[in-house]
Amino acid sequence: MSTTAWITTLQFAGVNALFALSVYASLWTGVLSLAPIFFGAVGAFTFGYLSAALGLPPFLGLVLGVVIGAGLGVLTAGIVIRLSSHYLAMATIAMVLIGRVLIINLPDYTGGAAGTLVPGELGTWLWLIGCLAIAGFVLSRLAGSRFGFAADAVREDPAVAQTLGISTRHIQLVGFILSGAFAGAAGVMQASFLQYIGPDTFYTHLGFVTLAAVVLGGAFHWAGPIVGALVFTILPELLRDVMGDYDRVVTGVLLVAIIIYMPRGLVDLRRFRLFRHRSRGEAPPGASASRDSANQEVVS
Amino acid sequence: MGLLAQQLFNGLAVGSVYALFAIGFALILARMGILNVAHGTFATWGALSSFWLVVQGGLNFWVAAVLGVVFAGLLGVLAEVFAFGPLRKRNAGSFAPIIASIGIWIVLLNVAEAFIGPTTKSFPIDVVPSTPMEIGGIVMLPAHILIVATLIFVVTAVHLLLSRSRFGAAVRAVSVDSRSAAIVGVNPRWTLLVVAFMAAGIAGIAGLLSGLADNNVSFGLGEALLLKGFAAVVVGGYGDIRGAAAVGVTIGVLEVLSSQYISSDFRDAITFGILLLVLVTRPQGLFRERQLVRA
């Protein structure tokens, strides 16, 4: 790969990492959500419209993206948080589908099916690494806080968390706000790097790939999604020389293998600390995130 | 009036493809507990493999169609053997199969694109029946009649199989509790393999018919079906395949009517708007099934 190709690939890996952190923020509280893709789309198109219409400085655009994302996070949480896990995931997928319909049907603001051009001033390493560093810092500080422990508890077993006096709704609301803020920033960064956004920029494809990156990297530590996004973006590029058109097959196979044999992902602190022997005889740890829904079974 | 009747029939044909796809999707969701993102690629491969057999292999269309559907079914079996089965054995919870299905989706979509190329292909006109017929003032393509007939057959067959046969009882038992089912003499492994084959095979039929309906075969064929089928399953509820099928047909009719009388940009808005509304207000679907929830 040439140097320019490397730089482009790494930049997209960085933006994907920001999206992955956003998915991680709600997964941390036991919510599987693709809503970040919708938040990112709204952030990006607002950024595009305002910078074209009002000549908004890029930095304000980024701040606005974060604020809008967080606000949408609150709204979304208010609507969907009471659903049980499978239905919640489906509702967020529905949001992504509706997002594309909105983009196509609001051509005055979004450019419709043709998409729109956006200024690329934020598309630099400094902004990207800055955003990632802030997101990573916030998550790492939260991990050791009361919120972090409460989020772990809610994810492992909501019923137990409630008996410990933790409000699961409240924790999941915070997860959605964090998720929205990161996704808003990621949307603006994605738009700046691409300098063009259309109805398919933020769609199911990005959603599935982001979710896959989170699980690949490890959904139990904030560094996991970043590692996952890097591996997931760079690996197909490296393999393109060897595999030609079949470059993504390896990532797919890898994903299935990881979820079966390393359910906690590549970054798994518990494994690093050799704590593994303690969990003998228990269900694999990746299982616990949604024990409640696993117990819901359907009888006709 | 003639236009309305014509568009109703067109909508019925479009919706029947969604309904067929939704049946397979609902089977996997209800009986195996998997939200299968890769289901659209099963449909794609059903269409692609038949297309390849007709064009490259020179086979008769009907033979190629049967082989293509069997191939799609085998892909479902492979997914069960290599991904979903091992996860179930490890008791990996309900998110893990979604992730595994994303992996399968990546593989099958990528191979499909490499296999057929990025452009859209068409069946040669002379191998597929294509002379339009006029019945009661409505022009019907043979493909459309075939689609509606297939839907009626598949819904009836699958419903009777699940509700009236010993095998159906075994499937229901396994989906409630596979260990208890094993105790009373059901082989859960085989049962789920057959369900996986059926579901993926039906997806293959849907993909093939979708390619036949507008004579377009492309690697992304199944993705559109996935979204509409997903909407049909969520709105209709996935416990009873008749609900999902009815909503699938309704979505098709609404789509065609709204692009005729409102605007073609608007048709997805209606479908997905209803989807979100139903999810938020009535998450078990319009035709909900009695649920037993263990604490």
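What counts, and at which threshold
- Residues numbered from 1 in each chain as written.
- Chains lettered and ligands numbered in written order.
- Predicted model: local features only at pLDDT ≥ 70, side-chain atom pairs only at ≥ 80, totals over all residues.
- Helix = DSSP H or I, 4+ residues; strand = E, 2+ residues; numbered from the N terminus.
- Buried ≥ 20, exposed ≤ 12 C-beta atoms within 10 Å, placed from the backbone.
- Axes fitted to C-alpha atoms, helices over the stretch in contact; angles between N-to-C directions.
- Parallel < 35°, antiparallel > 145°, perpendicular 65-115°, else oblique.
- Left-handed = near helix turned anticlockwise from the far one by under 90°.
- Contact = placed C-beta atoms within 7 Å.
- Nonpolar A, V, L, I, M, F, W, Y, C, P; charged D, E, K, R; others polar.
- pLDDT = per-residue confidence, 0-100.

Quick look at unusual backbone geometry
The residue Gln195 of chain A is not glycine, and still its phi comes out positive at about 60 degrees. By secondary structure assignment, the location of Gln195 of chain A is in the loop between helix H9 (168–194) and strand E2 (196–197). Notably, Asn215 of chain B is not glycine yet its phi reads approximately 50 degrees, a positive angle. Tracing the backbone through its elements, the reader meets Asn215 of chain B in the loop between helix H8 (188–213) and helix H9 (221–236). Classification of Asn215 of chain B by C-beta neighbours within 10 Å gives partly exposed; the count is 16.

Examining the packing of helix H2 (residues 39–55) of chain B against H9 of chain B
All names here are of chain B. At a minimum axis distance of 7 Å, the contact between H2 and H9 shows a crossing angle of 140 degrees. In terms of orientation, H2 lies oblique with respect to H9. As for the relative orientation of H2 and H9, their crossing is right-handed in sense. Here H2 contributes His39, Gly40, Thr41, Phe42, Ala43, Thr44 and Ala47 to the contact with H9, which in turn contributes Leu221, Gly222, Glu223, Leu225 and Leu226. Along the lines of polarity and charge, the residues of the contact of H2 with H9 split into six nonpolar, five polar and one charged.

Some remarks on the environment of Ala231 of chain B
Residue and element names in this part refer to chain B. In this fold, Ala231 is placed in helix H9. Between the C-alpha atoms of Ala231 and Phe115, which are 116 residues apart in sequence, the distance is 29 Å. Not counting the four nearest positions on each side in its chain, Ala231 is found in contact with Ile251, Thr271, Phe272 and Leu275.

Quick look at the confidence of the model for chain A
Residue and element names in this part refer to chain A. Put simply, chain A has an average pLDDT of 85, and 90% of its residues get 70 or more. Here strand E3 (residues 296–298) stands out as the element of chain A with the lowest mean pLDDT, 38, in contrast to H9, whose mean of 94 is the highest. When the criterion is pLDDT under 50, residues 285–300 qualifies, and its contacts beyond four places in sequence or with other chains add up to 55 contacts.

Some thoughts on the confidence of the model for chain B
Residues and elements named next belong to chain B. Model confidence for chain B is summarised by a mean pLDDT of 88, while 96% of its residues fall at 70 or above. Ranking the helices and strands of chain B by mean pLDDT puts H2 first, with 94, and strand E3 (residues 291–293) last, with 53. For this predicted complex, the interface score ipTM comes out at 0.86, while the overall pTM is 0.86.

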